[in-house]
Amino acid sequence: MKVNFFFCLCLLLSFSRSGAIEVTDEALRKAVEMLMESSLQHGEMQRYYDSQAFGSQSVEGKNLLDQVAEAFRLKFRERIDALINLRNNVENSDSSDNKQCCELQDNDVRYDPRFLQKVIPGGFCIRKSSNTPDDANGLSDKFRQACVINQQNHPLIKWQYYGSEQGVTTQFPGLLTDQEDCQAFDNRVRPWYVQANVPTAKQVVIAIDTSDTLLQNIALATTVASTLINSSNPRDKLAIIGFNNEVTIRPSGCFSANLAQATTQNVRNLTNFLGELALRFEGTANYTEGLSSAFDFFETSNADENIVRVIVFISGADAASRDTKEIFQTIKARNAALNNSVYLMTFGVGTADFPALQRMALQNGSAYGVSQSPDINAGLFLNVRDVNNVRNQITSYFRHFFSTETANNPVWTVPYLDNWGLGVVISGTLPVTQAGEVLGVAVVDMTLTELLEESTFFQPSEYSYSFIIDRSGLVINHPLFPEVEDTHPLFVEATAYEREEEFLEVFESMKSGFSGNKTFLATRLYSGDMSSPVMTLATYFWKPIDGTPFVTCVVIPNGDKRVFNPSTNLNPIPSFLYHRFDIVPPEYQCVHFNFYLCSNQSSIALSARSFKRVEEFLLTEETENSVTELKNYMEGRGGQPTNLEDDIRDVVKLTLRAESLWINSTQDKNLQLQVVLFRYIGTREGVFRLYPGSQEPKDFDPVTREWYRNALLNRGKYAVTPPYEDVDAGLTVVTISKVIYQGRTDGIHTPNDTVVGVMGLDIVLSYFNDLIVNLYPLCGESNYRCLLIDNAGYVIWSDQVSSLNAINLHLSFPGGGSIPTVEPQIMNALIRDGLAVVKRCANIDDATLERKYEIIAHEQTTVTTNGGISASCFQFTLTPIRETNSFLIVREDGGSQGYCNQLDNTCRRCSPNGICVAALSVTDNTICECPCRTSNLDYNACTNQYQNSYPQIFPCSPTNQARLSNFTMGSVSGLPKCFAVVDSPSPSTPKGTDNIGLIAGCVVAGVVLVVFVVTAVVLFRKKKSKNEHKNKNELKYQNENSTQAPAPSSQTVGIQKVDVASYENPLGEHSENDVYDEYITMEEQNNYRNIII
């Protein structure tokens, strides 16, 4: 018989309690080590990789650049061909009275994964805006046929549609919507329609008369302004003011005197300012003052001679007769100073007559004694009387700037949030014209995911990457680009991400459409995290993408090499279990924690990065045929699926060794699986092997998960990840993970070695709680508080935070689960004593600076916090847990004030969204350090640019723990239990209440001492040298095939007693004559058997 693994941990706990209470790292360090080495078998797996023959090859930047650029070019060429086909068929299509989208029934539509929702298969529908003429219709079946042909030629093509000048949108495939949404949608004010008709960027100043003449029509005036602002081309620059005879009302900040780039964020800010204006309508009109203030914006802006400048002038009454001459004199003089480049677009709101406003639009004051300049740009006057007709009239405004010179050239929009549920998209547009007049716009959409798949998954080596900008310099994709799913992204210039001064030359060349390369010293990141920057000599290669407005760049560190996995094609996989249990169920099915699993075999999930065409994999439904084809290929009985990357079978075969190690190391599944929920290995190629086998969401990617990134940031250590909700079981877990390096024959590794994967295991948080409390009994005493934190200051475990709210604490807002939030006085003291440092990084998506922390203590230290007038002080001990990224904090509650440090300090107080709102003195009762965010002064919202300041503040790491798609799992009804366990773990209760996990905690916490006592005996008695043992293992790795555990019995068995004397040490060999009761008496054995039972 073999001794149960967790029995040994309980025995160790007994010895640790027998002496004086001391806080050391030994117990927890060994517990983590044993979990990772005896349960996960990390060390054995690394030695197996070391026995394999990996290859490498220098990375050729120029060749990679050409490959990426060509892939982009082909995507755009396909969409442009489809777009031209649409436009040609629109021109030849008659109108037809089609079914409206809001009239569709549920049986008309069917789910299509390409569109992430139900659509009409092969059909279309129309949307009519609320102010569309009753006789306006959609297009005939010729348009539908063109869409079908495009979809046949390019199966992954997204929405195809046509928006008319009358406000009718014909959409393929048709999408079910409600009546309200159907009428609310107006194509004429959507970004794609505006940019197609007016691709040229404009400078627009909106001046609103805020005198009491508009009191009756405030809503109408602000609706006009709001519609114009929200319909702007994202490349436009905007400003807005209010004026009357007393004051000119301006927004705050840079918006008060500067034109602002029409980013989504700036549009929102300017729209909010309209709400402030609505409260300040008073006094009489002063047109001259309003016009002068509007012209001021142009004189302070930098613009070329051909820029389109527009003043939108909104008033509810005509100018007083005594002021008219002065008004036209002001217009003539100020516009002449700007080479008569300014258009005046005037809006008369209400039922009054507006002769002066009409002449202002024409800049013709001859009726008032001011002659018209010969070379002015005539504008347009619109009389707006009905709020329901505003959008219809606004189209005249945009039509005024339409040019037939650009009508035949496809226009690609700035990425924006799709109104129909596909996330962030980019639209290719072509205007449809007749006799120089716009009839509408034909459109083809492409998701940002599809567009950028080559760039997103481009990583031939760890520090190599690529990024894309448009010709204006805005970043479309970058490894540090924030993930966006359901919000409008903030697109800024590449200099926000590439902070070196030497990059400026590269940037200017890219914007100018040139190709080139440049080598300079640049900052590279471990796993994209600025907490671990390294400087390396790197070469930038860039070129424009033919036929598109984009430029791509690849960055290759000098001397970088691409690692090739050992080839195993001649040795196929004996048994391949794909994770899609809903399509092809496993032979042995069981339930564990109410989850559908396969207990006798590990499962394989392949992420999108395992495939050549990412979007094709993500949006194509897997079927029984496709799963069977993949299984046959992996087992050497069929050909390679066309979309699968060439080296994936080699990677899957390499990870197969983990399965045999896991199954063979499970000495008592009934106990071990209560604690170790899952064991797994994820590789850089996106291969994910999980034991027990389970199903994953289709968009699951191990490389982007927090446990993977955490291991990369702490390479060489056991990385403990703060609590999160497990994808598979839905339980709150703590993960311990560690990198796997590219194999080396000498088995010696450094953090600079290439990482090829990460191994990890999940521990249910309630059991982890019991483990800590039992390893450190004083953490259960009322006069102590204990916390386990990682080296970034995030709380892994606290004796006063239940597992139920641990995940909410960790994810609620920036810094929500960090030690500055949970114990602010502790962090303050750590920083004061040089045991922690504060770092700053830039959140590009919201233009803030975020405070980050790094714990840098190397030995156990006792610290005293600062005291204050109303804040008591206390002592605590900080203990680094060696070989891990974690630290144990033990705090004495109610300590004496006699040893307090009465130092003045400040506290940064956070609002609920994490923004710093005040700096408070020591007199406040919160002496703390807070993980606040503050405004980034390097960012200019109006120009939408980050200025390069030094020392550099680098971008924060993007949040890669992306939300995963839902998936359907098979029913667990009637399935046997995979392992005999107690009921599903409930959250451990905070200290001071009944600890329902105490008994399970003893089972869990029973691991460490006996294992190491036994190990010491075994190692002492070993007859063979380490070198002989290593050679034997290597030979074993080369000849051993994967083994599978027998099928689980449907009968649940109880937890059994174990025989200490037959314990088999996983770290060494011993004979049957080994004696253990020198160290462990029979009485002690019986005591611990009783505890386990």
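In this text the structure is predicted, and so the values were computed from the model without any measurement. (Residues numbered from 1 in each chain as written. Predicted model: local features only at pLDDT ≥ 70, side-chain atom pairs only at ≥ 80, totals over all residues. Heavy atoms only, no water.)

Now for the overall build of the protein chain. Scanning the protein chain for helices and strands turns up 29 helices and 45 strands. Burial analysis of the protein chain (1093 residues in total) assigns 57% to the buried set. Across the protein chain, contacts joining residues at least 24 apart in sequence account for 73% of those joining residues at least 6 apart. If you sum the accessible surface of the protein chain, you get close to 43,600 Å²; carbon and sulfur atoms cover 47% of it. (Helix = DSSP H or I, 4+ residues; strand = E, 2+ residues; numbered from the N terminus. Buried < 20%, exposed > 50% of the residue type's maximum accessible area, 1.4 Å probe, protein only. Contact = heavy atoms within 4.5 Å. Areas by Shrake-Rupley, 256 points an atom, 1.4 Å probe, with all protein chains shown as cover.)

In terms of residue burial, strand S10 (residues 237-243) counts as a mostly covered element, since six of its seven residues are buried. In the classification by handedness, the crossover that spans strand S9 (residues 202-209), the intervening helix H8 (residues 218-230) and the parallel S10 is right-handed. When S10 meets strand S12 (residues 260-261), the two strands line up antiparallel, connected through two bridges. Residue Lys237 lies in a different strand from S12, and its bridge partner there is Gln261. With two bridges joining them, S10 and strand S11 (residues 248-249) adopt antiparallel strand pairing. Note that in S11 the partner of Gly242 across the bridge is Ile249. The antiparallel pairing of S10 with S11 creates a hairpin that spans four residues between the two strands. (Right-handed = clockwise from strand over helix to strand, strands pointing away. Pairing = 2+ DSSP bridges.)

Quick look at the sheet that holds strand S40 (residues 886-892) now. The strands making up a sheet are joined through hydrogen bonds of the backbone, oriented either antiparallel or parallel. Within the open sheet, the five strands sit side by side as S35-S34-S40-S39-S38. Their pairing is antiparallel. Strand pairing shows two members of the sheet lacking a second neighbour, strand S35 (795-798) and strand S38 (861-864), which therefore form its edges. Ignoring which end each strand starts from, the neighbouring axes of this sheet average 20° apart. (Axes fitted to C-alpha atoms, helices over the stretch in contact; angles between N-to-C directions.)

Now for the nonpolar core. Core analysis: the biggest nonpolar cluster contains 56 residues, and Phe467 and Tyr540 have the highest contact counts within it. Grouped together as the second largest cluster of nonpolar side chains are 47 residues, Ile663, Tyr691, Cys779 and Leu888 included. (Core = buried A, V, L, I, M, F, W, Y, C linked by side-chain atoms within 4.5 Å.)

This part is about helix H13 (residues 390-399). Among all positions in H13, only Val390, Gln393, Ile394, Thr395, Tyr397 and Phe398 are buried. In the core, the buried residues of H13 are packed alongside helix H7 (191-197), S9, H8, strand S13 (308-315), strand S14 (342-349) and strand S15 (380-384).

Our next topic: the sheet that holds strand S31 (residues 719-725). As summarised here, the arrangement of the six strands in space is S28-S30-S29-S33-S32-S31, forming an open sheet in which the pairing is antiparallel. Because the sheet does not close on itself, it has two edges, and the strands there are strand S28 (603-606) and S31. Strand-to-strand twist in this sheet, taken as the mean axis angle between neighbours without regard to direction, amounts to 25°. In the sheet, strand S29 (residues 676-683) pairs with strand S30 (residues 687-691) via four bridges, with the strands oriented antiparallel. Bridged to Arg679 within S30 is Tyr691. Relative to strand S32 (residues 732-741), helix H3 (residues 42-50) is tilted by about 25°, and along the sheet it contacts S29, S32 and strand S33 (755-764).

This part is about the confidence of the model for the protein chain. Per-chain confidence: the protein chain averages 77 in pLDDT, with 76% of residues scoring 70 or above. Low confidence marks residues 1-21, where pLDDT is under 50. Its contacts with residues over four positions away, or in another chain, come to 88 contacts. In this model, residues 802-816 is a region of pLDDT below 50 whose contacts with residues beyond four sequence positions or in other chains number 33 contacts. (pLDDT = per-residue confidence, 0-100.)

Right, let's get into the side chain of Thr170. As for its position among the elements, Thr170 is in strand S8 (residues 168-172). Its relative accessible area of 1% is what places Thr170 among the buried residues. Here Leu139 takes part through its backbone nitrogen, which lies 3.5 Å from a polar atom of the side chain of Thr170. If near-sequence neighbours (up to four positions away) are discounted, Thr170 is found in contact with Phe124, Cys125, Ile126, Gly138, Leu139, Phe143, Gln160, Tyr161 and Tyr162. (Polar contact = N/O pair within 3.5 Å; in protein donor to acceptor, adjacent residues only side chain to side chain.)

Moving on: unusual backbone geometry. Going from Phe172 to Pro173, the amide bond is cis rather than trans, its omega being -10°. Along the chain, the position of Pro173 falls in the loop between S8 and helix H6 (179-184). With an omega of -5°, the peptide bond between Tyr691 and Pro692 qualifies as cis. Along the polypeptide, Pro692 turns up in the loop between S30 and helix H21 (706-713). A positive phi angle is found at Asn944, which is not glycine, with a value near 55°. The exposure class assigned to Asn944 is buried, which follows from its relative accessible area of 2%.

Attention now goes to the pattern of salt bridges. According to the stated counting rule, one finds 44 salt bridges in the structure shown. Arg891 is paired through a salt bridge with Glu823; the nearest N and O atoms lie 2.8 Å apart. Of this pair, Arg891 sits in strand S40 while Glu823 is found in the loop between helix H24 (819-822) and helix H25 (824-832), placing the two residues 68 residues apart along the sequence. Given a relative accessible area of 14%, Arg891 falls into the buried group. (Salt bridge = Lys/Arg side-chain N within 4 Å of Asp/Glu carboxyl O.)

Further remarks concern the packing of H8 against helix H9 (residues 264-277). In the contact formed by H8 and H9, the axes pass within 10 Å of each other and the chain directions differ by 175°. Our classification of the angle between H8 and H9 gives roughly antiparallel. Residues Thr222, Ala225, Ser226, Ile229 and Asn230 of H8 pack against Val267, Leu270, Thr271 and Leu274 of H9. Residues of the contact of H8 with H9, tallied by class, amount to five nonpolar, four polar and no charged. (Parallel < 35°, antiparallel > 145°, perpendicular 65-115°, else oblique. Nonpolar A, V, L, I, M, F, W, Y, C, P; charged D, E, K, R; others polar.)

Once that is clear, we can look at the packing of aromatic side chains. A full pass over the atoms with the stated rule returns 34 aromatic pairs. Ring centres 6.4 Å apart and planes at 25° place the aromatic pair Phe124 and Phe143 in the stacked group. Of this pair, Phe124 sits in the loop between strand S4 (117-119) and strand S5 (125-128) while Phe143 sits in helix H5 (residues 141-153), placing them 19 residues apart in sequence. Among the residues examined, Phe124 registers a relative accessible area of 14% and is labelled buried. For Phe143, a relative accessible area of 0% corresponds to the buried category. Between the aromatic rings of Phe688 and Trp707, the centroid separation amounts to 6.1 Å while the plane-to-plane angle is 40°, which identifies the pairing as tilted. Note that Phe688 is positioned in strand S30 and Trp707 in helix H21, a separation of 19 residues in sequence. Taken together through their ring pairs, the aromatic side chains of Phe115, Trp159, Tyr161, Phe185, Trp192, Tyr193 and Trp420 make up a single cluster. Its guanidinium or amino end placed over the ring of Phe185, Arg127 lies 5.5 Å from that ring's centre, counting from NZ or CZ. Across the ring face of Phe874, the terminal group of Arg891 is positioned such that the distance to the ring centre comes to 3.6 Å. (Phe/Tyr/Trp six-rings, centres within 6.5 Å; stacked < 30°, edge-to-face > 60°. Lys NZ or Arg CZ within 6 Å of the ring centre and 35° of its normal.)

Let us look at H8. The terminal C-alpha atoms of H8 lie 18 Å apart, and with 13 residues this matches the ideal 18 Å at 1.5 Å per residue to within 8%. Of all the residues in H8, the buried ones are Ile218, Leu220, Ala221, Thr222, Val224, Ala225, Thr227, Leu228 and Ile229. (Expected span 1.5 Å × (residues − 1).)

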